Amino acid sequence: MSLWNRAQQLPPDALRQVQNVYGEQFPIEVRHYLAGWIEDKMQQWNEIDPDNAGHSQFAHSLVSQLVQEMETKALSYSSNEDLFLVRIRLDEAANLFKTRYLNSNPLALVSIIRECLKTELHLVQQHENMLGGVAHVANMVVEPCAEIVSELEILLRRTRETADELRHLEQEQESFALQYHDCAKINAHLSHIQGQERTAQNREVEQNLRRRKEIGEQQLAQKVSGLLQRRMDLAEKHKGTIDRLNSLQQRILDEELINWKREQQMAGNGKPFNQNKLDQIQEWCEALAEIIWLNRHQIKECERHQTKIPITPPGGVDMLPTLNSHITRLLSSLVTSTFIIEKQPPQVMKTNTRFTATVRLLVGGKLNVNMTPPQVRVSIISEAQANALLKNDQMNKGEQSGEILNNTGTMEYHQGTRQLSVSFRNMQLRKIKRAEKKGTESVMDEKFSLLFQSQFSVGGGELVFQVWTLSLPVVVIVHGNQEPHAWATVSWDNAFAEQGRIPFTVPEKVPWPQIADMLDSKFKSATGRGLTDDNLKFLAGKAFRSPQVQDFNNMYLSWSQFCKEPLSERNFTFWEWFFAVMKVTREHLRQPWNDGSIMGFVGRRQAEDMLKNSISGTFLLRFSDSELGGVTIAWMYEDTTKAGDQRDVFMLQPFTSKAFAIRPLADVIADLKYLLFLYPNIPKEQAFGKYYTPMAEQQPSVNGYVKPHLITHVPGWSGAGSMDSYPNTPQPMCQMHDGGMGDPPSVSSNPSDCVSTDQKPSLDSPLFDAANVLSDFP
């Protein structure tokens, strides 16, 4: 349905708004009576920039055509008294456009028409979205989608019109054939008479036949002229349709589908991803496929008719072969570009581990590709092989970089979803062939890609397409300890790959705001809550090894700083530290992190400064600088039994995933009675009470044993409100090595790490040993 027809179905209030859009400068009668022509030129209205003087000639041509259409339309109403006023109104508007805009300022009229159509489209969309129950989403751009739908409707209408004209052409050609046959019979009769005796009767018959021959030849000449004109007009219309198809197809494939693929890649870094957008793109591609196929059929019919009656204009060029070539090329591009990976394989792939992937042909159902179910084959190729494939559009036979089990599948058509796809559910990478490493390169820097290949037949085998598509880059590992660096390679590639790049090149340096956005997306995806500005500032200081810098927005972080160079005085990189923090938060701290109970990204010195002015028993949780994936509890303690300033900040040696697997964080905090308030002043029961493990009544098990209950205890520490040490618990103290000299004291309960000393208590990691296990009996 055209935009103008949709506008006329609006409710009264909205319809009045549409009417108010049009006025003396662009009368609504022009919009109504030239609706089809105006919308056919929608793309041209949009292509002209009213602010660009260089588009004046283009605008002049378009406005001139508009005026001519208005005058033609008015003239066609001259014999209809009921449309007398309409004819007068169109003539007046045509004169207005000629005197005010055509020669002096055609860009102004184009600007007016563009704004009118844009407002009309907006009002129609608003109403249709409300009818469809579509909620308004902030920043959602729906206008491009409506433009695509509108353009598809125009193309479909043009296709129907050329189909009607093709039928008329066929009728004209049949009429010509009959007329030609009659003329041939007259010529044959005339030749026969001329070979007979020249009697008066024969001369009269001959004379009569000559008159009929002359009239017939005149009629044939007129029909030939009419046929040629119809053929040329039809070819011109097909050319216009193909041009519009080409433009729309480029927009759908090179913008909408490429954007979807980019969003799919960014989803690998945790960005939100609307998977359902692919269904919308499929609808557009199917509509394109149908229109292309119909037009191709029409052009082939024109060629067939031309073969039957091979008449060509003097000096004319036969456009049909070129049109056929262009329309077939459009179809080929559509089929090959819509063979896509709907579900990507894992980007960090471990050998001998099962993985899945799904590929889909968006136009498969519309072109009946499923009539001969195509086979899809999967192989893994290197970066160099992917580069060569893109250059040559083909792979050397048997060339691959590894062995994949269960790597073939047959595409199936699913009636309910109208999708032609195949899901590989049990693929497994058995072997990988690696390239030679240079300099500091490692196997976790090396990128591969999965190549999906197939062959489709269209039109009962008339056309055969060889298709292929590449997955997002994957990194192959053989051991879990390679996973962090592999994810660094993948995350950097996902975030900073440029469209149309040479596989799989990425920038060596990236502005910090882009790095920050990537880290925030990954952390939010993994844990449920993203990073604050303060968190990101802390991370920037750590990544650049410059915590004193205040503004990082104009600084570039290199790949080497990101995941190659160890942090200062550490044996691990920035990314390894961040990845370990993200992992422990996702696996053990997700709920308190989402509640905001874990501060996390705060340095040791900053934590000490924050706690110094807090009341005794105030604590906070921070990610350790020295232990990968470690979480430290820092708290303020004031010893009121001694004179003078006895306030000090203490820190427990970091807990790791191994410790949290034995005793959850909330229970550890509950065990340590001297922890009273979560910074700044939240009672710890309020912050962590909902996460405590319930104390179930102990019952003997079937084998007669009683399950023990673990309690976290720091031997030798007796803070205010805390329990005394358990019997037989060793009491020696030791100095922690996390922060160096001058750092706040830390608490340890591991006797093997300690020596007797008279220094102030310095306690380091809680230990779950025999002294910490209390058996609760009924």
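Remember, it's a predicted structure, so these values are computed and weren't measured experimentally.

J.: Outline the side chain of Gln-482, supporting the account with residue identities and numerical values.
T.: Tracing the sequence through the fold places Gln-482 in the loop between strand 11 (475-477) and helix 14 (483-496). A distance of 2.8 Å separates a polar side-chain atom of Gln-482 from the backbone nitrogen of Val-478. If near-sequence neighbours (up to four positions away) are discounted, Gln-482 is found in contact with Val-443, Met-444 and Ile-477.

J.: Give me the sheet that holds strand 9 (residues 448-458): which residues, what numbers.
T.: Spatial strand order, 6-4-9-10: four strands in an open sheet with antiparallel pairing. The strands lining the two open edges of the sheet, one partner per strand, are strand 6 (408-410) and strand 10 (463-470). On average, adjacent strands in this sheet sit at an angle of 25 degrees to one another, irrespective of strand direction. Note: strand 4 (residues 375-382) against strand 6, three bridges, orientation antiparallel. Bridge pairing links Gln-375 to Thr-410 in strand 6. The strands that helix 13 (residues 383-392) touches are strand 4, strand 9 and strand 10; relative to strand 4, the one it contacts most, it runs at about 120 degrees.

J.: Could you give me a rundown of the confidence of the model for the protein chain, with the residues and numbers involved?
T.: A low pLDDT means the predicted coordinates there should not be read in detail. In this model, the protein chain carries a mean pLDDT of 83, and residues with pLDDT of at least 70 account for 87%. Note that pLDDT drops below 50 for residues 720-745; the model gives that stretch 74 contacts with residues more than four away or on any other chain. With pLDDT under 50 throughout, residues 748-778 is counted as low confidence; its partners more than four residues away or in other chains account for 91 contacts.

J.: Could you give an account of helix 16 (residues 533-543), with specific residues and numbers?
T.: Helical periodicity: at 3.6 residues per turn, an α-helix aligns residues three or four positions apart in one direction. Most of helix 16 sits out of view: eight of its 11 residues are buried. Among the residues of helix 16, those classed as buried are Asn-535, Leu-536, Phe-538, Leu-539, Ala-540, Gly-541, Lys-542 and Ala-543. The secondary structure elements touched by the buried residues of helix 16 are helix 15 (512-527), strand 13 (556-558), helix 17 (559-563), helix 18 (574-588) and helix 19 (590-595). At the C-terminal side of helix 16, Arg-545 shows a positive phi close to 60 degrees.

J.: Quick rundown of the nonpolar core? Include the residues and the values.
T.: Core analysis: the largest hydrophobic core is formed by 70 residues, its most contacted members being Val-335, Phe-339, Leu-361, Leu-450 and Phe-452. Here this core takes 12 residues from helix 10 (residues 200-267), the largest share from any one element. Both domains that furnish three or more residues to this core are identified here as domain 2 (145-329) and domain 3 (344-433 + 442-478). Discounting chain neighbours no more than four positions away, the residues touching Leu-361 are Val-335, Thr-338, Phe-339, Val-369, Met-411, Leu-420 and Phe-456.

J.: Describe unusual backbone geometry, listing the residues and the values that go with them.
T.: Glycine aside, residues mostly have negative phi angles, and peptide bonds mostly take the trans form. The omega angle of the peptide bond from Pro-503 to Phe-504 is -20 degrees, so this bond is cis rather than trans. Among the secondary structure elements, Phe-504 is positioned in the loop between helix 14 and strand 12 (509-511). Residue Tyr-679 is joined to Pro-680 through a cis peptide bond whose omega torsion reads 5 degrees. Locating Pro-680 in the fold gives a position in the loop between strand 17 (677-678) and strand 18 (682-683). Although it is not a glycine, Arg-418 sits at a positive phi angle of roughly 60 degrees. Even without glycine at this site, Glu-569 takes up a positive phi of about 60 degrees. Along the chain, Glu-569 turns up in the loop between helix 17 and helix 18.

J.: Describe the pairing of strand 8 (residues 419-432), listing the residues and the values that go with them.
T.: By the bridge criterion, seven bridges tie strand 3 (residues 354-361) to strand 8 in an arrangement that is antiparallel. Looking at the pairing, Leu-361 lines up with Leu-420 of strand 8. Pairing of strand 5 (residues 402-405) with strand 8, which is carried by four bridges, proceeds in the antiparallel orientation. Residue pairing across strands places Glu-403 opposite Lys-431, the latter belonging to strand 8. Both strand 7 (residues 412-414) and strand 8 contribute to a ladder of three bridges, which runs antiparallel. Paired with Tyr-413 across the two strands is Leu-420, which belongs to strand 8. Counting the residues in the hairpin turn of strand 7 and strand 8 gives four residues, including Arg-418, whose phi is positive at 60 degrees.

J.: Describe a nonpolar patch on the surface, and please don't skip the residues or the numbers.
T.: The grouping of Phe-84, Leu-85 and Ile-88 at the surface amounts to a nonpolar patch, some 300 Å² of accessible area in total. When you line up the elements, Leu-85 lands in helix 7 (residues 84-102). When its relative accessible area of 69% is taken as the criterion, Leu-85 is described as exposed.

J.: Give a description of the environment of Asp-493 that names residues and reports values.
T.: The residue Asp-493 is located in helix 14 in this model. Along the sequence, Asp-493 and Lys-447 sit 46 residues apart, while their C-alpha atoms lie 9.6 Å from each other. Once residues lying within four places of it in the same chain are set aside, the contact partners of Asp-493 are Gln-265, Lys-447, Pro-473, Arg-501, Phe-504 and Val-506.

J.: Lay out the environment of Lys-684 in plain terms, naming residues and giving numbers.
T.: Checked against the element boundaries, Lys-684 lands in helix 23 (residues 684-688). Residues Lys-684 and Phe-619, spaced 65 residues apart in sequence, show a C-alpha to C-alpha distance of 9.1 Å. Within polar-contact distance, the side chain of Lys-684 engages the backbone oxygen of Leu-672 at 3.0 Å.

Conventions we followed
- Residues numbered from 1 in each chain as written.
- Predicted model: local features only at pLDDT ≥ 70, side-chain atom pairs only at ≥ 80, totals over all residues.
- Heavy atoms only, no water.
- Helix = DSSP H or I, 4+ residues; strand = E, 2+ residues; numbered from the N terminus.
- Polar contact = N/O pair within 3.5 Å; in protein donor to acceptor, adjacent residues only side chain to side chain.
- Contact = heavy atoms within 4.5 Å.
- Pairing = 2+ DSSP bridges.
- Axes fitted to C-alpha atoms, helices over the stretch in contact; angles between N-to-C directions.
- pLDDT = per-residue confidence, 0-100.
- Buried < 20%, exposed > 50% of the residue type's maximum accessible area, 1.4 Å probe, protein only.
- Core = buried A, V, L, I, M, F, W, Y, C linked by side-chain atoms within 4.5 Å.
- Domains from an automatic or database assignment.
- Patch = residues over 30% accessible without salt bridge, like charges linked within 9 Å, V, L, I, M, F, W, Y side chains within 5 Å.
- Areas by Shrake-Rupley, 256 points an atom, 1.4 Å probe, with all protein chains shown as cover.
- Salt bridge = Lys/Arg side-chain N within 4 Å of Asp/Glu carboxyl O.

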